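Structural overview
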Amino acid sequence: MSTSSPARSRVTPQSLLQKKGRGEPVAMVTAYDHPSAVAADRAGVDVILVGDSLGMVVLGYDDTLRVTMDDMLHHARAVARAGTRALRVGDMPFLSYQASVEEAIRNAGRFLSEGGMDAVKLEGGRERAGTVRAIVEAGIPVMGHIGLMPQSIRALGGYRAQGGTAAAARGLLEDALRLEAAGCFSVVLEAIPDRVATLVSKSLRIPTIGIGAGAGCDGQVLVFHDLLGLQDTLSPRFVKRYANLLEASQKALETYCREVAERRFPGPEHAYQMPDEEWNRLLADLEKNPLPRVPSTETVAW
Ligand code: KIV
């Protein structure tokens, strides 16, 4: 009799909705390559987001504004090759959906047809409802994203929490309801007061996924590199570090450098062996028929 655990079925927009119905929180994390997707999936996350945050945590940009569709698709394909149980969501980068609805549909479609994603995410509230509806009508599941929208930092005046006044909170609730009506299967709430996020979550049928939005959301999302302590330049208040892999990696690399310098790596267990008989045959052959040195003019002159 097999002792392996039963295969868990793939996460879908519908199964996330059912999770909300059962009151079970959704765990989402970003991933940008094959090994991070494998780790996230083995850990049991429900949703893997190939976030445009890759611009900052992987590509070294100061913000997400320079991330392109080509960047996103390159990383989406690497994640898709992990063949995850988790739902895979591709984040639509800046200017891939704002200029026209047609372009938005085409770029959203590329995440599915070329990037191997199951769904897309885009930032914006009621002003994006028409775009969301058109993408959903093209058969592409859409996750919304309101509150702090990193692609709008120039307009928002920086990375600031949103929805802190009664009027702004009402605006967020209206945005969320409009996105749900337009067909979003879920919506990310970023950096908004926890009581506002709870109100929005209770008002929607679809699950809300919070980041800096408190415990009242239907799920949570964190950036892979923040969660694992793989970067130490930015540390927003809402990040919880579950490991310090930057320090652990640096220590391991220092040990490697030291062992190379001291000729302690590689050891015999890391080398391939040659039978004595073959070795002696080679030495005898070289002594009898030495190989001439090739004149250096015929090689690269270092
Ligand atoms: O790009 C990203 O990582 C995101 C999450 C913060 C939701 O949009």
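A brief structural summary. For every chain, the first residue of the written sequence is number 1, and numbering continues from 1 along that sequence. Residues qualify for local features only when their pLDDT is at least 70, as the model is predicted, and side-chain atom pairs are given and counted only at 80 or more; totals for whole chains, interfaces and linings, by contrast, use all residues. Side-chain numbers come from the whole structure's heavy atoms, not from hydrogens or water.

Some remarks on the nonpolar core
Membership of the largest hydrophobic core comes to 51 residues, with the highest contact counts inside it found for Ile-48, Met-92, Phe-111, Val-120, Ile-135 and Leu-189. The set of buried Ala, Val, Leu, Ile, Met, Phe, Trp, Tyr and Cys residues whose side-chain atoms join them within 4.5 Å is what this entry labels a nonpolar core. Only protein chains enter the accessibility calculation, which uses a 1.4 Å probe; a residue whose area is less than 20% of its type maximum is buried, one above 50% is exposed, and one in between is partly exposed. Leu-16, Val-47, Phe-185 and Val-188 belong to the second-largest nonpolar core, a separate cluster that totals 15 residues.

Points about the side chain of Asp-46
Where helices and strands are cited, they refer to DSSP runs of H or I of at least four residues and of E of at least two residues respectively, numbered from the N terminus. Of note, Asp-46 is situated in the loop between helix H2 (34-43) and strand E2 (47-50). Side-chain atoms alone can form a polar contact between residues adjacent in sequence; in general such a contact is a pair of N or O atoms within 3.5 Å, and within protein one must be able to donate a hydrogen while the other accepts it. A distance of 3.1 Å separates the side chain of Asp-46 from the side chain of Lys-19, its partner in a polar contact. Two residues qualify as a contact provided that any one of their heavy atoms is within 4.5 Å of a heavy atom in the partner residue. Once you skip the residues sitting within four places of it in the chain, Asp-46 turns out to touch Val-11, Leu-16, Lys-19, Pro-25, Val-26, Ala-27, Arg-85, Ala-86 and Leu-87.

Remarks on the site of the ligand
Residues are classed as near a molecule or strand on a simple rule: at least one heavy atom within 4 Å of it. Taken together, Thr-30, Leu-49, Gly-51, Asp-52, Ser-53, Asp-91, Lys-121, His-145, Ile-211 and Val-223 form the complete shell of residues around the ligand. At a separation of 3.0 Å, an oxygen atom of the ligand approaches a polar side-chain atom of Asp-52. Areas reported as accessible are Shrake-Rupley estimates using a 1.4 Å probe. Residue values count occlusion only from the protein chains shown. Contact with the protein chains removes 95% of the 260 Å² of surface that the ligand exposes when unbound. For the shell around the ligand, the residue count by class is three nonpolar, four polar and three charged. Gly counts as polar in this scheme, as do all residues outside two lists: the nonpolar Ala, Val, Leu, Ile, Met, Phe, Trp, Tyr, Cys and Pro, and the charged Asp, Glu, Lys and Arg.

Brief notes about the packing of helix H4 (residues 69-80) against helix H5 (residues 101-113)
For the pair H4 and H5, interaxial distance at closest approach is 10 Å and the crossing angle is 20°. In terms of orientation, H4 and H5 fall into the roughly parallel class. In this structure, the crossing between H4 and H5 has a hand that is right-handed. Here Met-69, Asp-70, Met-72 and Leu-73 of H4 come into contact with H5, specifically with Asn-107, Arg-110 and Phe-111. Grouping the amino acids of the contact of H4 with H5 by side-chain chemistry returns four nonpolar, one polar and two charged. Note on definitions: angles span 0 to 180 degrees between N-to-C directions of axes, and those axes are lines fitted to C-alpha atoms, for helices only across the stretch in contact. Angle categories are assigned with fixed cut-offs, so that under 35 degrees is roughly parallel, over 145 is roughly antiparallel, 65 to 115 is roughly perpendicular, and the rest are oblique. When the near helix sits turned anticlockwise from the far one by under a right angle, the crossing is termed left-handed; a clockwise turn instead gives a right-handed crossing.

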